[in-house]
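Structure assessment
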Amino acid sequence: MPLPRRAVVGAGLAALLGGCGRATAPVWGDPVGGAGGAQSVAPIAPLPRTTAPPTAQVRAVLTKYLKPTPDNPKHPGYAGAVAHVLRDNRTFLTVAAGHALRYKAGPVELPAASRVAMRTDSIFDLASLTKVYTAILVLQLVDQGRVELTAPVRRYLPEFTGAGKDQVTVAMLLAHTSALPVGAKVTGYSTNAQRWRAVMATPLVKGGVPGTTFRYSSVGLMVLGRLVEKLAGKSLDKVLADRITTPLGLRDTGFLPLKWVKDRSRLVATDARSSRGLLRGTVHDDVANRLGGVAGHAGIFATARDVAVIGQMLLAGGTYGGKRILSAAVVEQMLTNANKGKPAVDPERPRRTADHGLGVELNQPWFMGRLTSATAFGHTGFTGTSLLVVPGRKQVVVLLTNRAHPNWSWSNPDTHRVAVHNALAA
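This report concerns the structure included in the present document. Model, not experiment: these values are computed from the prediction.

Conventions adopted
- Residues numbered from 1 in each chain as written.
- Predicted model: local features only at pLDDT ≥ 70, side-chain atom pairs only at ≥ 80, totals over all residues.
- Heavy atoms only, no water.
- Helix = DSSP H or I, 4+ residues; strand = E, 2+ residues; numbered from the N terminus.
- Buried < 20%, exposed > 50% of the residue type's maximum accessible area, 1.4 Å probe, protein only.
- Areas by Shrake-Rupley, 256 points an atom, 1.4 Å probe, with all protein chains shown as cover.
- Phe/Tyr/Trp six-rings, centres within 6.5 Å; stacked < 30°, edge-to-face > 60°.
- Lys NZ or Arg CZ within 6 Å of the ring centre and 35° of its normal.
- Pairing = 2+ DSSP bridges.
- Axes fitted to C-alpha atoms, helices over the stretch in contact; angles between N-to-C directions.
- Parallel < 35°, antiparallel > 145°, perpendicular 65-115°, else oblique.
- Left-handed = near helix turned anticlockwise from the far one by under 90°.
- Contact = heavy atoms within 4.5 Å.
- Lys, Arg positive; Asp, Glu negative; His and termini not counted.
- Salt bridge = Lys/Arg side-chain N within 4 Å of Asp/Glu carboxyl O.
- Polar contact = N/O pair within 3.5 Å; in protein donor to acceptor, adjacent residues only side chain to side chain.

What to know about the overall build of the protein
If you tally the helices and strands in the protein, you get 12 helices and 14 strands. When each of the 426 residues of the protein is scored for burial, the buried share is 58%. Summing over all exposed atoms, the protein offers an accessible surface of approximately 16100 Å²; the carbon and sulfur share of this is 55%.

Structure, rendered in structure tokens:
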């Protein structure tokens, strides 16, 4: 039986697996008073241009989870959070609450004078939101005619070996229908080259048939990150800078933030109980860390404002600030359900559907709450991060929390996401 994602990390075995995972236990309910997890969600109406931002309501939600709640009675939901919302390509609201650093290794709560307050420009470990950036880089190669979505991955990466993997296409990796498992075993190797060979040789799940079933896989995005590196002729962090962050002016986005963040007080802490001690500016995902901090599935750090730009660029059909990042045709393909009619395997979220574009989740009430719609898209990250774009409202919603500080097992981030999205939908 495969290990559930969050259980693997909690057992101290996350170094064996890739991805910003989740687990089956405990089972979390919707926020008290909320109905965000329901499969039937009422259509959302466009916002009138005169609508005032619900700043007070969002602030109340963010503040609520700084302490234990009826739906999470044993621990705070997170130490701190930032919500940043765009509407019509303008800042609609920005709210910060709590602390970027509240605990030291142990975890031991720091005295009030030693804590670091959360700021609207705090820099978070985005975890699996990294997958969206990797998908964009792959789709740029599609735009350039250098990659075909229907081509087998092995055409570009002959080292992608194993039984049945000759049937896996680039599109399947983007849509999580490749039959690859959640993570890859990268322990027990002495060099990064050996670790990457192990990633490429990761076998399909037992009985898995490529192209038939949605099964979330961080391995697929690790592989796509390597594809980007091979065709670009440089490391993924440099490709990200060349093709996304520099053109868009995103000065607070990148891998390996300890190399470029000058004001370290802006860095948001994650774990304080891991075998690596307090993590602040070092990637939380153990596999990404073992791979040197640069991988296609995890490792990017950014501010909420910078993440919102990515959402706005996709909402606008591939452009932002006069810079075209993707063609409108490729964006349309990215945001179209690639998995219509396919089953989804996700034991911890039994009500989730397979709806997924090429690198983004589509129409998923489990994190979108009452902002769910047929055209809504986004992604989540294990550390407590999320991006949601609601085209019907011309709205981009970014929620970044450090729910993995001091311990990821203290709370379920979907609860916070639904609560914030419901407040915005009210």
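Still to come is the rest of the account.
A look at the packing of aromatic side chains
All chains considered together, the criterion is met by 4 aromatic pairs. On the numbers, 5.7 Å between centres and 50 degrees between planes, the contact of Phe382 with Trp408 is tilted. Of the two residues, Phe382 is situated in the loop between strand S12 (377-381) and strand S13 (385-390) and Trp408 in the loop between strand S14 (395-401) and helix H12 (413-425); the sequence distance between them amounts to 26 residues. Of the two residues, Phe382 and Trp408, neither departs from the other in class, the shared state being buried. Across the ring face of Phe160, the terminal group of Lys165 is positioned such that the distance to the ring centre comes to 4.3 Å. Of note, Arg403 hangs over the ring of Phe382, and the distance from its end group to the ring centre comes to 4.5 Å.

Topic: unusual backbone geometry
Residue Gly106 is joined to Pro107 through a cis peptide bond whose omega torsion reads -5 degrees. For Pro107, the location among the structural elements is in the loop between strand S3 (103-104) and strand S4 (108-109). Of the consecutive residues His405 and Pro406, the connecting peptide bond is found in the cis state with omega at 15 degrees. Even without a glycine there, the phi angle at Asn89 is positive, about 65 degrees. With a relative accessible area of 42%, Asn89 lands in the partly exposed category.

With respect to the sheet that holds strand S6 (residues 124-125)
Think of a sheet as strands paired side by side through backbone hydrogen bonds, with each pair either parallel or antiparallel. The antiparallel open sheet is built from 3 strands, whose spatial order is S6-S8-S7. Each edge of the open sheet is held by one strand with a lone partner, namely S6 and strand S7 (253-254). Examined bridge by bridge, S7 and strand S8 (residues 301-302) share 2 bridges and lie antiparallel to one another. When the sheet's bridge partners are listed, Gly254 is paired in S8 with Phe301.

So, the packing of helix H2 (residues 55-64) against H12
Two numbers describe how H2 lies on H12: the axes approach to 9 Å, and their chain directions differ by 165 degrees. One element, H2, and the other, H12, form an angle in the roughly antiparallel class. Pair H2 / H12 crosses with right-handed handedness. Mapping the contact onto sequence places Gln57, Val58, Val61 and Leu62 in H2 and Ala419, Val420, Ala423 and Leu424 in H12.

A closer look at the environment of Pro73
Position of Pro73 among the secondary structure elements: in the loop between H2 and strand S1 (80-87). Relative accessible area serves as the criterion here: at 60%, Pro73 is assigned to the exposed category. Residues Pro73 and Trp410, 337 residues apart in the sequence, show an inter-C-alpha distance of 9.7 Å.

Re the pairing of S14
The buried fraction of S14 amounts to 7 of the 7 residues, a majority that puts the element mostly inside the structure. Side-chain alternation along S14 places Gln395, Val397, Leu399 and Thr401 on one buried face and Val396, Val398 and Leu400 on a second face that is also buried. In terms of strand pairing, S1 meets S14 through 7 bridges, oriented antiparallel. The partner of Ala83 across the bridge, within S14, is Leu399. Where S13 lies against S14, 6 bridges are found, and the strand directions are antiparallel. Its bridge partner lying in S14, Leu387 is registered against Val398.

Comments concerning the sheet that holds S13
Taken in spatial order, the 7 strands line up as S5-S2-S1-S14-S13-S12-S11 in an open sheet, and their pairing is antiparallel. Where the open sheet ends on each side, the last strands, each with one partner, are strand S5 (116-117) and strand S11 (361-362). Inspection of the sheet shows S12 paired to S13 by 5 bridges, in the antiparallel sense. By the bridge assignment, Phe377 is partnered in S13 with Val389.

Things to note about the side chain of Asp71
Residue position: Asp71 is located in the loop between H2 and S1. No salt bridge forms around the buried Asp71; measuring N to O, its nearest opposite-charge neighbour Lys64 is 4.7 Å away. Here the side chain of Asp71 touches Tyr65 through a polar contact of 3.4 Å, side chain to side chain. At a separation of 2.4 Å, a polar atom in the side chain of Asp71 contacts the side chain of Thr69.

Focus on the pattern of salt bridges
Considering all chains together, one arrives at 17 salt bridges under this definition. A salt bridge links Asp121 to Arg266; the shortest N-O distance between them is 3.5 Å. Of the two residues, Asp121 sits in the loop between S5 and S6 while Arg266 sits in the loop between S7 and helix H8 (286-290), which places them 145 residues apart along the sequence. One salt bridge in this structure joins Asp252 and Arg266, with 3.0 Å as the shortest N-O distance. Linking Asp252 in the loop between helix H7 (236-248) and S7 with Arg266 in the loop between S7 and H8, this pair joins segments that are 14 residues apart in sequence. Through salt bridges with shared partners, a single network forms among Arg119, Asp121, Asp252, Asp263 and Arg266.

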